[in-house]
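A look at the structure
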Amino acid sequence: MTIITNRRKLLAGMAGGLLLPGCDSWSRSESFKNVLSSAEDLSRVSQRLVGGRNGLAREYTLADLSPRHRMNGNRTADTSAYRTMLANNFATYRLRIDGLVERPLAIPLDRLRAMPQRTQITRHDCVEGWSAIGQWTGVQLSHLLDLAGLSEQANYIVFHCADSFGDTPYYESIDMVDALHPQTIMSHAMNGEPLPEGHGAPIRARIERQLGYKHAKFVMRIEAVESLDDIYGGKGGYWEDVGDYAWYAGI
Ligand SMILES: Nc1nc2c(c(=O)[nH]1)N[C@H]1C(S)=C(S)[C@@H](COP(=O)(O)O)O[C@H]1N2
Ligand SMILES: [Mo]
């Protein structure tokens with residue numbers, strides 16, 4: 001099912017702030033009615049209308065930084081390709097952006113660092129019940145998707161990671177509301193230092209309106225897709241495929 005059938009309307013809604021009924025004709029459209037057909041989508045839509053999924057997550061000050069920021073899930077990517085990159089300080093790393101884009105990209109870390117940056121101090125909430133406040137710096141995903149020329153057909157962004165559980169790679173996905181959200185960044189620095197290995201070096205996603213497991217670490221590739229059906233187990237993420245957690249994890 002397509003949540004967002006017209007990217008221009010979405011962007012217009014975001015530029016104007018909250019996406020509210022009456023701001024445009026989206027709420028009266030066929031796609032809006034289709035969206036109401038499942039419970040998970042219903043909760044996403046009501047959050048968008050009531051809480052405002054385009055609203056910003058709370059940002060904190062340096063005084064609020066957690067003295068110790070927990071690591072969770074995989075603390076490394078246990079492949080020789082990753083080890084080689086780690087050993088050369090990620091000089092050979094390329095962030096690939098492909099799928100439904102006009103210009104597939106492979107961006108070195110120094111180019112990512114030279115792009116317009118966003119720094120935000122936010123609270124990470126893990127589904128397991130802990131949280132920590134950290135400072136994250138990186139490039140807005142919307143900027144990268146602009147550079148790549150995102151297709152109108154793309155409904156989801158998939159993050160492919162270098163690490164695995166057993167033979168199954170970690171991956172995650174978000175829809176365009178989160179992908180184009182100003183606080184959704186591909187982060188290469190934490191608390192003013194290059195991203196430590198355990199926190200997902202060289203690049204991890206920050207998806208500030210959702211729980212921790214959506215924040216993919218060790219991101220190697222960003223893929224724009226129309227549907228999640230053909231990606232691994234089809235549920236949009238490693239934990240979602242396992243059956244433990246829901247795809248939409250809004251806080
Ligand atoms: N690639 C990858 N990303 C991941 C995970 C993982 O195991 N592998 N764990 C997730 C979970 S459950 C959480 S809470 C956060 C933890 O991020 P941190 O280790 O930087 O605190 O990363 C998320 N992203
Ligand atoms: Mo988590």
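To be clear, the structure that these remarks concern was listed above.
Summarised in this report is the structure supplied together with it. Everything numeric in this text was worked out from a predicted model, so none of it was measured.

On to the overall build of the chain, then. Along its length, the chain carries 8 helices and 10 strands. Taking as baseline every contact in the chain between residues at least 6 positions apart, the subset at least 24 positions apart corresponds to 69%. Accessible surface for the chain amounts to roughly 11,300 Å². Of this, 51% is attributable to carbon and sulfur atoms.

Let's shift gears to the packing of aromatic side chains. The geometry of an aromatic ring pair is captured by two quantities: the separation of the ring centres and the angle between the planes. Under the defined criterion, the tally for this structure stands at 12 aromatic pairs. By way of ring pairs, the aromatic residues F165, Y170, Y213, Y238, W239 and Y245 are connected into one cluster.

This part is about the site of ligand 1. Among the 22 residues in the neighbourhood of ligand 1, the closest are listed as R70, N72, D163, H199 and K217. Within the contact set of ligand 1, an oxygen atom lies 2.9 Å away from a side-chain nitrogen or oxygen of R204. Taking H215, its main chain carries an N or O atom lying 2.9 Å from a nitrogen atom of ligand 1. A total of 3 residues in the shell around ligand 1 trace back to one element, the largest contributor, which is strand 5 (residues 156–165). Among the residues making up the shell around ligand 1, the classes are represented as 9 nonpolar, 9 polar and 4 charged.

Ordered in space as 2-1-10-5-6, the 5 strands form an open sheet in which the pairing is mixed. Lying at the two open borders of the sheet, with one neighbouring strand each, are strand 2 (105–108) and strand 6 (168–175). Across the sheet, the axes of successive neighbouring strands diverge by a mean angle of 20°, strand direction being ignored. Sheet topology places strand 5 next to strand 6; 7 bridges connect them, and they run antiparallel. Note on strand 6: the bridge partner recorded for S164 is P169.

Within the largest apolar cluster, 43 residues are counted, with the highest numbers of intra-cluster contacts made by I157 and F159. Counting residues per element, the ones that place at least two in this core are helix 4 (80–87), strand 1 (94–99), helix 5 (109–114), helix 6 (141–148), strand 5, strand 6, helix 7 (176–179) and strand 10 (219–225). Listed in part, the 8 residues of the second largest apolar core include Y156, Y171, L228 and I231.

Attention shifts here to helix 6. Of all the positions in helix 6, only L141, S142, L144, L145 and A148 are classed as buried. Looking straight down helix 6, one finds its buried side chains confined to an arc of 160°; they lie on one side. Backbone geometry just downstream of helix 6 places G149 in the positive-phi region, at approximately 75°.

Quick notes on the rules
Residues numbered from 1 in each chain as written. Chains lettered and ligands numbered in written order. Predicted model: local features only at pLDDT ≥ 70, side-chain atom pairs only at ≥ 80, totals over all residues. Heavy atoms only, no water. Helix = DSSP H or I, 4+ residues; strand = E, 2+ residues; numbered from the N terminus. Contact = heavy atoms within 4.5 Å. Areas by Shrake-Rupley, 256 points an atom, 1.4 Å probe, with all protein chains shown as cover. Phe/Tyr/Trp six-rings, centres within 6.5 Å; stacked < 30°, edge-to-face > 60°. Near = heavy atom within 4 Å. Polar contact = N/O pair within 3.5 Å; in protein donor to acceptor, adjacent residues only side chain to side chain. Nonpolar A, V, L, I, M, F, W, Y, C, P; charged D, E, K, R; others polar. Pairing = 2+ DSSP bridges. Axes fitted to C-alpha atoms, helices over the stretch in contact; angles between N-to-C directions. Core = buried A, V, L, I, M, F, W, Y, C linked by side-chain atoms within 4.5 Å. Buried < 20%, exposed > 50% of the residue type's maximum accessible area, 1.4 Å probe, protein only. Arc of directions from axis to C-beta.

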